[in-house]
Amino acid sequence: MSFLYKDATQPIAARVQDLLSRMTDEEKYAQMHAFWLILSPDGQHRNRRDLSDDFAGAAAEDDLATRLFAGIGQITRPLGTHIVGPKEGVRALNRLQKTLMEETRLGIPAMFHEECLVGLLCKDATLFPSSLSYGATWDPDLIEQVAAAIRTEAQRVGCHQGLAPVLDVSRDVRWGRTEETFGEDPYLVGKMATAYVRGLQGPDRDLLATLKHYVGHSFSEGARNHAPVHLGFRELNDTFLLPFEMAVKLANAGSVMPAYHDIDNQPCHSDAFLLTDVLRNRWGFDGLIVADYGGVSLLHQHHGISADGAESAALAFNAGLDIELPKDDCARHLAEARQRGLISAEKIDEIVGRILHEKFRLGLFEHPYADENAVVLQEESTRQLAWRAAVRSVTMLENNGILPLKPQAGQTIAVIGPTADDPLALLSGYSFPVHLIISDMTAQTGQITTPLQALRNCYGEAAIRYAKGCHILEQRTAGAPVFPGDSGKPLQHSPVSQDTHLIAAAVEQARQSEVALVFVGDLAGLFQSGTVGEGSDTDSLQLPGVQQQLLEAVVATGTPTIAILTGGRPYFLNGVEEKLAGYLVAFAPGQEGGRAIADVLSGREPPSGRLVLSVPKSAGAMPYYYNHKLKSGGTPIAFPFGARYPFGYGLSGTTFRYDDLQLEEPAVPGENGTLKVHVRVTNSGERAGSEVVQVYVKDRLASLVRPVHELKAFQRVALQPGETARLCFSLPTDMLNFTDAQGRRVVEPGEFEIQVGASSADIRARVVANVTGPLWVLPKYWRMESQCDVTIGRD
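Residues numbered from 1 in each chain as written. Predicted model: local features only at pLDDT ≥ 70, side-chain atom pairs only at ≥ 80, totals over all residues. Heavy atoms only, no water.

- In the annotation of an unreviewed UniProt entry, the entry for the chain reads Beta-D-glucoside glucohydrolase, and the organism field reads Chimaeribacter arupi.
- What UniProt records for the chain under Sequence similarities (unreviewed entry) is the sentence "Belongs to the glycosyl hydrolase 3 family." (UniProt positions renumbered as here; feature names shortened; annotations may be inferred.)

**Here we look at the overall build of the chain**
Inference 1: Secondary structure summary: the chain contains 20 helices and 31 strands in total.
Inference 2: Expressed as lengths along the three principal axes of its C-alpha atoms, the size of the chain is roughly 80 × 65 × 50 Å.
Inference 3: When the 795 residues of the chain are sorted by exposure, 64% land in the buried category.
Inference 4: Looking at the chain alone, contacts between residues at least 24 apart form 79% of all its contacts between residues at least 6 apart.
Inference 5: When the accessible surface of the chain is totalled, it reaches about 27,400 Å², and 48% of it is carbon and sulfur.
Inference 6: Seen as two clouds, the 73 positive and the 95 negative side-chain charges of the chain have centres 3 Å apart. (Helix = DSSP H or I, 4+ residues; strand = E, 2+ residues; numbered from the N terminus. Buried < 20%, exposed > 50% of the residue type's maximum accessible area, 1.4 Å probe, protein only. Contact = heavy atoms within 4.5 Å. Areas by Shrake-Rupley, 256 points an atom, 1.4 Å probe, with all protein chains shown as cover. Lys, Arg positive; Asp, Glu negative; His and termini not counted. Charge placed at Lys NZ, Arg CZ, Asp CG, Glu CD.)

**Details of the packing of helix 15 (residues 380-393) against helix 20 (residues 593-602)**
The relative placement of two packed helices is expressed as an angle between their axes plus a distance between the axes.
Inference 1: The interhelical angle for the contact between helix 15 and helix 20, taken along N-to-C directions, is 50°, at an axis separation of 8 Å. As far as their axial angle goes, helix 20 and helix 15 are oblique. In the packing of helix 15 onto helix 20, the handedness of the crossing is right-handed. On the side of helix 15, the interface is formed by Gln-384, Trp-387, Ala-390 and Val-391, while helix 20 contributes Gly-593, Arg-595, Ala-596, Asp-599 and Val-600.
Inference 2: Grouping the constituent residues of the contact of helix 15 with helix 20 by class yields five nonpolar, two polar and two charged. (Axes fitted to C-alpha atoms, helices over the stretch in contact; angles between N-to-C directions. Parallel < 35°, antiparallel > 145°, perpendicular 65-115°, else oblique. Left-handed = near helix turned anticlockwise from the far one by under 90°. Nonpolar A, V, L, I, M, F, W, Y, C, P; charged D, E, K, R; others polar.)

**So, the sheet that holds strand 15 (residues 515-521)**
Inference 1: Across the sheet, six strands lie side by side as 12-17-16-15-13-14; this open sheet has mixed pairing. Two strands lie at the open edges of the sheet, namely strand 12 (395-399) and strand 14 (464-467), each paired on one side alone. Recorded for the sheet is a direction-independent mean angle of 20° between the axes of neighbouring strands.
Inference 2: Looking at chain direction, strand 13 (residues 413-416) and strand 15 are connected through four bridges and run parallel. Considered in strand 15, the bridge of Ala-414 is made with Ala-516.
Inference 3: Helix-sheet contacts for helix 18 (residues 503-511) involve strand 13, strand 14 and strand 15, and the interaxial angle to strand 14 is about 165°. (Pairing = 2+ DSSP bridges.)

**A short note on the UniProt feature "domain: Fibronectin type III-like" (unreviewed entry) in the chain**
Inference 1: Sequence positions flagged by UniProt for "domain: Fibronectin type III-like" (unreviewed entry) are, in local numbering, residues 691-760.
Inference 2: Helix makes up 0% of residues 691-760 and strand makes up 63%, while its end C-alpha atoms are separated by 14 Å.

**A look at the domain arrangement of the chain**
Inference 1: Partitioning the chain into structural domains gives domain 1 (383-484 + 492-609) and domain 2 (656-794).
Inference 2: Here the C-alpha centre of domain 2 lies 37 Å away from the C-alpha centre of domain 1.
Inference 3: Counting residues at the interface gives six residues for domain 1, matched by four residues for domain 2.
Inference 4: The junction of domain 1 with domain 2 conceals about 320 Å² of combined surface from both sides, 44% of it contributed by carbon and sulfur atoms.
Inference 5: Interface area lost by domain 1 to domain 2 is led by Arg-392, Pro-404 and Ser-608, which between them contribute 72%. (Domains from an automatic or database assignment. Buried area = accessible area lost by both parts, 1.4 Å probe.)

**Quick notes on the confidence of the model for the chain**
Parts of the prediction with low pLDDT should not have their coordinates interpreted in detail.
Inference 1: Per-chain confidence: the chain averages 94 in pLDDT, with 95% of residues scoring 70 or above.
Inference 2: This model gives residues 55-61 a pLDDT under 50, and the stretch forms 23 contacts once residues within four places in sequence are excluded.
Inference 3: The model gives residues 481-487 a pLDDT under 50, and that stretch makes 19 contacts with residues more than four places away or in other chains. (pLDDT = per-residue confidence, 0-100.)

What follows is the structure in structure tokens.
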């Protein structure tokens, strides 16, 4: 006898209802959590102990085989947890899926999720640049292609859900997870995230993207991991919720992950207003809400708003959560929660119904297995895409004319610095080799070309003289001195090296060379296994360790010095910036980053990145961001405030002239109106190059305090010398909204200054638009994106 739920020709709703009616309570609870397992092709799977056990107080696991008999909702990171070949990993996955399909009572398949932020977190997968690098491209179409390539690799290993992208809007670069963000502007973050979701999910949403960390995670107190966030709903909505709303409404995001922190004393994992009222009811989100790892346990272990695991589970699931990750620390107590009247049978059925709906929609019942013979990673086209994203993101901040540094016969180049020949220095915290450090594992990095290797390939072995100069971390290990939250661990000395004995040899190499390339920055690593990354926050914006001393000593030789900064946050170089012959920022450019840096230095590729973070002058100025309110940016007397290199800034190797800024209509209605902004941009230099034309808006008079200005449109244009681009930006008046006292997005009539320029601080032209009519309260589906038409020719 075949049950209705097994009939793929039936409507999904009918299949869900039929299967729900046949499930026991325990089988329902099993769908509401994951297992984190070390899988084996012979079926001898075992539980994995993880970091969340330490800080979330996880209990020991029961007998795994017995528990699997009830089924399972998800399997946590089966290939990203340990070093396993992709084909062997897929065989192990299929073995577990076979058990679930053929040896459990109802045969419900599991979903598998992996981290997918900078590539599939899996051995041999392509290591893409960091999110900061994605943002620095200012190229949503390119990032959609990157995400689509990650999707292809993920699906080949049987992944159904990717825990990416990160939509946190950077506010304080001391925060370790800054490297995971697209930058400090909510519209830019929304545009990039929307493109990423479209690429990762594909047209049929057959792999779920996961928006994280919902919401405000990046504005934590003191930029500390897991710390409280102090925000009212108006600012939360205007800045931090906007990218999530864009990705849900414009890209149909399939999953959302709440953040660890509390907002105004309400933990996100138990916030029914955010998880249900805003996300589902107001925005129409129809996917799955999955917990951040250990986030449900934190409700009683850290936040202290519940007595135990049963109450924490009830709080989170009643608020809107669907699946506890990475395991079942609290979901295992759902039967007790039911007995205590903390959660109803109707709520359980509602949640399990959503989970089953996604499994039916994804076709898991009909196609539960991955093809191990189809597992192909690191295709040449994918590597080229990783290189293209890296090249497009490299940002030139200084150039006294020395760049490009063309290869010449007989030249001598000193390559110096702790990040010049370290493959891990090119990667962010959620790349596979770096992520393994916290488990005391070491992954192979042979696919990575370091800058030193790439420079030798470009200029020739004889031209390059290498000296490391100093260390950042002399040893990369787990067992962090600082753990997320107040874990009670005794204070330890910082692992950052203060050893200066290598500096003298580096200085000598610089003296004997025509030019010195000094590679500085930080090392990604979770929970202080690095100097940036999750749980690797800082109280300083000085280069970690003795790198500043190294850089100053090399500059003091008089040899023209070019600094190349890689890592996960900007650093202030104490005024050395003014003495540099050149200065490039590459953030974490991924496995092809060394080649990309060499290509830009040598002139094979023009510099084209633009900053997505302001580079502050002092940690004392934090939090700092370009779209601040009037006085928060500091005063002329407080010199450490402000940014030496502002949001949107970047040199291109040529010059661009802006002129003929016009409004098509000087006045437009607030309701359903569109501002048409025309500008002409000409390459007035002698080299080909690309410009990112940026449009900012300043609300001249409003009923509530508004930022000094905000990005509302941007367009990259590539021009040959003498070529002109005529750009027509279409800005829906809906985008001029802010949140009023009733929590509504509204557009007030009045004057808006339209600013067009090359960065947030380099505004080339201004014009005033008048928005007319009564107060416009935006509908549910409002116009969230600007558009640009480009015509290129010669005057």
